[in-house]
Amino acid sequence: MARTTPQNPISTPEQRAEAFARLFEAVHEGVYIGILGAEEDWTLAANPHLKLIFGCTVETPEQQIRPFDGPRFFDAHAKPAFVERLRRDGAVTDYLLRLRRADGGSVWVEVTARAEPPAADATMRIEALIRDVSDRKKLEDQARDLYHQLLQAEKLAALGQTISGVAHELNNPLATILTWAERLARRSVDDGTKRGLEAILSESERAARIVRSLLTFARKRHTTRAMVDLNHVVRETLSLRAYEQRVTNITVIDALAAGIPQVFADAHQLQQVLLNLIINAEQAMLSANGRGTLVVRTFHDPERQVVVLEVNDDGPGVPDEVQSKIFDPFFTTKEVGKGTGLGLTVAYAIVQEHGGRLWLESRPPKGASFYVELPASAGKLRQTAAPPQIQPLEATRAANVLVVEDEPALAAAVSEGLTDAGFTVDRAGDGEEGLDRVRAKNYDLIVCDLKMPRLDGMQFYRAIAATAPDLAHRVIFVTGDVVGTEAERFLEESGCRWLAKPFRLGDLLRVARDVLG
């Protein structure tokens, strides 16, 4: 049986042209045929889907659809590079461009095109398929941002473990230096010696601030969270900088949204974050222009249930190559001695601890905006055990104090400082020696380190509480960093007062007098 050849339903040129015309109108890809000129483009054909990609109506005349016209490009260098590629290769495949829609918004497109060789007048005929890939590009950007956030979190966690140990090792010598410097600065000495002592005290305090910043970055510090009005925090923080801003010609505009929800946060930590962002903005504006305008804005995003704080400056902006490193520990663009490179790192860690995000947007030279995003949903208030009532002591001429500290230099400095203040002081090198002292003599106050060999501060306290509960209420602990550890839970349960190393001698004396009633 003979096979029959199926008849071609499109057999004439007219029928083929009609089929291509239907395909041109119906395809869900932008189709463009035109001529690219040095100063102006001409459109020969543009299908309806291309019009939709650029935010035009189907009725828009084809001649007005010029996807590769100069003003369409967000990047001024993008069109010359695109045209040069076509001239050189005669074609492009999936060439990514960011173009401007009719409403001024942006659209990411991939272009697959072929071009004829340039004519004598440098014009070039082009036939192109244009695909809208904005949604895919958005997902890619979100995935990249998430990757960088995870990378940053891993980097912070790894570095945090390292610097936490270093910071703890620095606490004891710093506390010793601070105590001695404070004692010596109060003595009558010649002017040269006094200046030297003041410099030692000032630089020791600076080092202590760096250590505290390191510990804040490395580990959660002691926080007191409550429902906080973010606008109130902003106003209080701006008032702290009001004088400095006035004398340095910084104009402040606060655009605080009314009625935004409260956030469950530590107000002091939020103030620390905001102060850092404000001071950085001031320095950027002053270094570039000698003056500036600072805009602090808050708003509520009800769809995502977050409250956002924006700190915007009109300084030089943050260069692209710096933006990826701006939150890295010890990274700073300031002069040597003007910054530690920890401010933004600590701010980043604090915001993350609060379940929020901190990020930067900047397009140099048009200033920079830092955004702090915090959850607006209500949280549970932290319940803190009330400290035991301290029994008042009978008035005595000089209270007996026991200092339990395994660092000899620090123990000596603290003991002599307390002696200068009128206390009678004994020392013990660890908890076991401290218990021997307590059994042999009555003490009105104990100053005790938490971390010691043989018998640590917690074990020492429990032994005291079992035999002399009244004395247990008069123990002051000094320690490096307790937050997030078993020591934090212990201090909350005991209700004991405590000071973080490195501390000022004056702070210890004030707490001692408070505890003694």
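Summarised in this report is the structure supplied together with it.

Analysis parameters
- Residues numbered from 1 in each chain as written.
- Predicted model: local features only at pLDDT ≥ 70, side-chain atom pairs only at ≥ 80, totals over all residues.
- Heavy atoms only, no water.
- Pairing = 2+ DSSP bridges.
- Helix = DSSP H or I, 4+ residues; strand = E, 2+ residues; numbered from the N terminus.
- Axes fitted to C-alpha atoms, helices over the stretch in contact; angles between N-to-C directions.
- Contact = heavy atoms within 4.5 Å.
- Parallel < 35°, antiparallel > 145°, perpendicular 65-115°, else oblique.
- Left-handed = near helix turned anticlockwise from the far one by under 90°.
- Nonpolar A, V, L, I, M, F, W, Y, C, P; charged D, E, K, R; others polar.
- Phe/Tyr/Trp six-rings, centres within 6.5 Å; stacked < 30°, edge-to-face > 60°.
- Lys NZ or Arg CZ within 6 Å of the ring centre and 35° of its normal.
- Core = buried A, V, L, I, M, F, W, Y, C linked by side-chain atoms within 4.5 Å.
- Buried < 20%, exposed > 50% of the residue type's maximum accessible area, 1.4 Å probe, protein only.

Thoughts on the sheet that holds strand S16 (residues 475-479)
Here's step 1: Read from one edge to the other, the open sheet built from 5 strands follows the order S14-S13-S15-S16-S17, with strand pairing classed as parallel. Each edge of the open sheet carries a strand with a single partner, namely strand S14 (424-428) and strand S17 (497-500). Looking at each pair of strands side by side, their axes are set apart by 20° on average, direction ignored.
Here's step 2: Where strand S15 (residues 445-449) and S16 come together, 4 bridges link them in parallel fashion. From the neighbouring strand, isoleucine 446 faces S16, where its bridge partner is valine 475.
Here's step 3: Sheet contacts for helix H15 (residues 505-515): S15, S16 and S17; angle to S17, the most-contacted strand, approximately 180°.

A look at the pairing of strand S9 (residues 292-301)
Here's step 1: Where strand S7 (residues 250-256) and S9 come together, 7 bridges link them in parallel fashion. Looking at the pairing, isoleucine 253 lines up with valine 295 of S9.
Here's step 2: In the sheet, S9 pairs with strand S10 (residues 306-313) via 8 bridges, with the strands oriented antiparallel. Bridged to arginine 297 within S10 is glutamate 310.

Overview of the packing of helix H6 (residues 230-247) against helix H7 (residues 267-289)
Here's step 1: Contact pair H6 / H7: the axes reach a minimum separation of 10 Å and the direction vectors enclose 40°. Taken as axis vectors, H6 and H7 run oblique relative to one another. Remark: the crossing between H6 and H7 carries right-handed chirality. Contacts between H6 and H7 involve Leu230, Val233, Val234, Glu236, Thr237, Leu238, Leu240, Arg241 and Gln245 from the former and Ala267, Leu270, Gln271, Leu274, Leu275, Ile278, Ile279 and Glu282 from the latter.
Here's step 2: Class assignment of the residues belonging to the contact of H6 with H7 gives a composition of 11 nonpolar, 3 polar and 3 charged.

What about the packing of aromatic side chains?
Here's step 1: Within the structure shown, the criterion is met by 9 aromatic pairs.
Here's step 2: An aromatic cluster of three or more residues is present, and its members are Tyr32, Phe68, Phe82 and Tyr95.
Here's step 3: The positively charged end of arginine 98 is found above the aromatic ring belonging to phenylalanine 74, 4.0 Å away from the centroid.
Here's step 4: Sitting above the plane of the phenylalanine 74 ring, arginine 100 keeps its charged end 4.0 Å from the centroid.

Observations concerning the nonpolar core
Here's step 1: Of all hydrophobic cores here, the largest spans 39 residues; its most connected members are Leu277, Leu294, Ile326, Leu358, Phe370 and Val372.
Here's step 2: It is H7 that contributes the most residues to this core, 7 residues altogether.
Here's step 3: Counting residues in each nonpolar core, the second largest holds 27 residues, with Leu50, Val92, Val109 and Ile126 among its members.

Structural notes on the packing of H7 against helix H9 (residues 343-353)
Here's step 1: Following both chains from N to C, one finds H7 and H9 inclined at 145°, their axes separated by 9 Å at the closest point. Crossing hand, H7 versus H9: left-handed. Residue-level inspection shows Gln269, Gln272, Val273, Asn276, Leu277 and Asn280 of H7 in contact with H9, the latter providing Gly343, Leu344, Val346, Ala347, Ile350 and Val351.
Here's step 2: Residue composition of the contact of H7 with H9, by class: 7 nonpolar, 5 polar and no charged.

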